[in-house]
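# Coordinates in review
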Amino acid sequence: NRFCPTCSIGETYKWADNVLNNLLDMKHHHIVFTLPKPIRNIQKRNSKLILNLFFEAANAAIKEWFAFKHNIIPGIVAVLHTAGSDLKHHPHIHMIVSAGGLNAKDLSIKQLNSHFLTRQRFLANKFKRIFINKLLAKHHCIKLGNSLSQITKFKTFINKISNKQWIVSIQKPLDELQHIVAYVGRYTKRTCISEYNITNVNGELITFKFKDYKNTPRGEKPRLAFRTLHFVKFLDLLLQHVPERKFRMVRYAGAYNSCYKKYIPKKETQSTQHIVDELINEGQFLNIRNKDMANGKPDPLICPNCKTIMTNYFITFSKNPLRIYDS
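Residues numbered from 1 in each chain as written. Predicted model: local features only at pLDDT ≥ 70, side-chain atom pairs only at ≥ 80, totals over all residues. Heavy atoms only, no water.

## Describing the packing of aromatic side chains
The relative placement of two aromatic rings is captured by the distance of their centres and the angle of their planes. Evaluated as defined, the whole model comprises nine aromatic pairs. Ring plane angle 50 degrees and centroid distance 6.2 Å describe the contact between Phe208 and Phe210, whose orientation is recorded as tilted. Judged by relative accessible area, Phe210 falls into the buried class, the value being 12%. Grouping aromatic residues by their ring pairs yields a cluster made of Phe33, Phe54, Phe127, Phe131 and Trp166. Positioned over the ring face of Phe247 is Arg251, at 5.0 Å from the centre of the ring. (Phe/Tyr/Trp six-rings, centres within 6.5 Å; stacked < 30°, edge-to-face > 60°. Buried < 20%, exposed > 50% of the residue type's maximum accessible area, 1.4 Å probe, protein only. Lys NZ or Arg CZ within 6 Å of the ring centre and 35° of its normal.)

Below you can see the structure in the form of C-alpha cells.
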C-alpha cells in the first residue's frame, strides 16, 4: 500500500527507474501548480471531478504554451500531492516538463537552448483561464453545498476567484534527470508523513514536526515547527489524503503519452536507487541516530569493539522501524 512507509520505498524505486528510462535525454523543468484555496472546499465535495479538471488544466496550459511559442509537443509527468508539510489540505501538482520535446511537424526531437521557459505569472493566468472554463462547463455535475447552492451564486464565486492571482512555480531546468525524478518520486508512492517525523506519542496526543514555510523568511532554509494533536484529529488530517479507489495520482501527457512512446529513443538503463536512498533513508537514519544518542543510547556509527567511527557503505533498517520516544 502507498501509505505503508516500508512497501512504498520499493515502489518508489520501481517508478523512478521506469520513468527515468523513458524520458527524453535533455534538461527538464520542475513546475508546481497549486489549486487555489477557495476551490478546495468544492474539491472536497467533488474530489475526483475537480482533481481530474486540475490535471487537465495544468497539462493543457503547458501544452498550449509550447505549441504556440515553439510548435513543440513537450513531455509531461504530473504527480498530484494533496498535503502540505503540516498535513493540511493543500492540493498541488508536481510536474517534470521537458525543456523541449517532439517537433509538431515531423515528431523529431527538438531541445530549447534557453534556461528560461516563461514567466510564472503568465503561465498561472493561462492555467486559471483554462481551469475556470472547464469548471463552468461542468457546473451541472458539481455538488456545491449550501453556500453555493444556486448557479448565480456559483458564477459570482467564479468571478471573485478570477480576480485573484493563482500560483504556479517554475524552476530552472536541471541537467541531472536522476535528481529531479527521485525528488518527485518521493511524492508518488509514499504517504504524506514519514514515521520519523512523528516525534512523540504521549497518551492520546501525537506530536509531529514539519517544515514551516509560512513563517520562514523568503530565500531562507525552511524552519522546523512542531504540532501536537489528539489522535482522532491527527488521523482525520492523515486519512483525508488517502486517494479514492482507482484514482490515478501520476499521469503522463504530451510526448510522454503512450501514443508517442515509439518516438522516444531508448537509452541505456539507469537506476535512481542511490539518489532515492540519499533523499529518504539517510535523513531518516540521521534523525534516529540523533534521538538514540539524546536518549542515552550508544552512537550506532561507533564500532562497539575498537570505538572508532565506522565507514558508512549502506543503511539497514529493522523490520519494525517505528520508534516512539518520550519528550
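After that view, the rundown keeps rolling.
## Quick notes on the confidence of the model for the chain
Per-chain confidence: the chain averages 80 in pLDDT, with 77% of residues scoring 70 or above. Per-element averaging of pLDDT across the chain places helix H8 (residues 273–279) at the bottom with 53 and strand S2 (residues 72–73) at the top with 94. Predicted confidence for residues 319–327 stays below pLDDT 50, and this span has 16 contacts to residues more than four positions away or in other chains. (pLDDT = per-residue confidence, 0-100. Helix = DSSP H or I, 4+ residues; strand = E, 2+ residues; numbered from the N terminus. Contact = heavy atoms within 4.5 Å.)

## Side note on the sheet that holds strand S6 (residues 109–111)
Taken in spatial order, the three strands line up as S2-S5-S6 in an open sheet, and their pairing is antiparallel. The two strands at the open ends of the sheet, each matched to only one other strand, are S2 and S6. Where S2 and strand S5 (residues 100–103) come together, two bridges link them in antiparallel fashion. Pairing of Ile73 across the sheet is with Leu102, part of S5. (Pairing = 2+ DSSP bridges.)

## Overview of the sheet that holds strand S8 (residues 198–202)
Spatial ordering of the open sheet is given by S8-S9-S10, a layout of three strands whose pairing is antiparallel. The sheet is open, and its two edges are formed by S8 and strand S10 (223–230), each paired on a single side. Strand-to-strand, the axes of this sheet are offset by a mean angle of 25 degrees, without reference to chain direction. When strand S9 (residues 205–212) meets S10, the two strands line up antiparallel, connected through eight bridges. Paired with Phe208 across the strands is Arg227, a residue of S10. In the packing of helix H7 (residues 231–239) onto the sheet, the strands contacted are S8, S9 and S10, and the crossing angle to S10 comes to about 120 degrees. (Axes fitted to C-alpha atoms, helices over the stretch in contact; angles between N-to-C directions.)

## Topic: the packing of helix H3 (residues 47–70) against helix H4 (residues 120–137)
Between H3 and H4, the shortest axis-to-axis distance is 9 Å and the interhelical angle comes to 135 degrees. Judged by the angle between their axes, H3 and H4 are oblique. In this structure, H3 meets H4 at a crossing whose hand is right-handed. When H3 is examined against H4, the residues Ile50, Leu53, Phe54, Glu56, Ala57, Ala58, Ala60, Ala61, Ile62, Glu64 and Trp65 are found in contact with a partner set consisting of Phe122, Leu123, Lys126, Phe127, Arg129, Ile130, Phe131, Lys134 and Leu135. Counted by class, the contact of H3 with H4 contains 15 nonpolar, no polar and five charged residues. (Parallel < 35°, antiparallel > 145°, perpendicular 65-115°, else oblique. Left-handed = near helix turned anticlockwise from the far one by under 90°. Nonpolar A, V, L, I, M, F, W, Y, C, P; charged D, E, K, R; others polar.)

## Details of a nonpolar patch on the surface
A contiguous nonpolar patch, built from Phe231, Val232, Leu235, Leu239 and Val242 and spanning about 410 Å² of accessible area, is present on the exposed surface. Positionally, Leu239 belongs in helix H7. Among the residues examined, Leu239 registers a relative accessible area of 53% and is labelled exposed. (Patch = residues over 30% accessible without salt bridge, like charges linked within 9 Å, V, L, I, M, F, W, Y side chains within 5 Å. Areas by Shrake-Rupley, 256 points an atom, 1.4 Å probe, with all protein chains shown as cover. Salt bridge = Lys/Arg side-chain N within 4 Å of Asp/Glu carboxyl O.)

## Quick notes on the pattern of salt bridges
In total, this model carries four salt bridges according to the counting rule given. For the salt bridge of Lys48 with Glu244, the shortest nitrogen-to-oxygen distance reads 4.0 Å. Of this pair, Lys48 sits in helix H3 while Glu244 sits in the loop between H7 and strand S11 (250–254), and the two are 196 residues apart along the sequence. By relative accessible area, Lys48 is classed as partly exposed at 34%. Linking Lys126 and Glu64 is a salt bridge whose minimum nitrogen-to-oxygen distance equals 2.7 Å. With Lys126 in helix H4 and Glu64 in helix H3, this residue pair connects regions lying 62 residues apart in the sequence.

## A word on H3
Between its terminal C-alpha atoms H3 stretches 34 Å, which fits the 34 Å expected from 24 residues at 1.5 Å a residue. At the exit of H3 stands Asn71, carrying a positive phi of roughly 55 degrees. (Expected span 1.5 Å × (residues − 1).)

## Concerning the pairing of strand S3 (residues 75–83)
Judged by how many residues are buried, S3 sits mostly within the fold: nine of nine residues are covered. For S3 and S11, the ladder comprises five bridges, and the chain directions are antiparallel. If you follow Gly75 over to S11, its bridge partner there is Gly254. As paired elements, S3 and strand S4 (residues 89–98) share seven bridges and run antiparallel to each other. Across the sheet, Leu80 pairs through a bridge with Ile93, a residue of S4. Where S3 hands over to S4, the hairpin turn is made up of five residues, of which Leu87 adopts a positive phi near 75 degrees.

## A look at the packing of helix H2 (residues 37–45) against H3
The interhelical angle for the contact between H2 and H3, taken along N-to-C directions, is 130 degrees, at an axis separation of 5 Å. Taken together, the axis directions place H2 and H3 in an arrangement best described as oblique. Taken together, the residues of H3 that come into contact with H2 (itself represented by Ile39, Ile42, Gln43, Lys44 and Arg45) are Ser47, Ile50 and Leu51.

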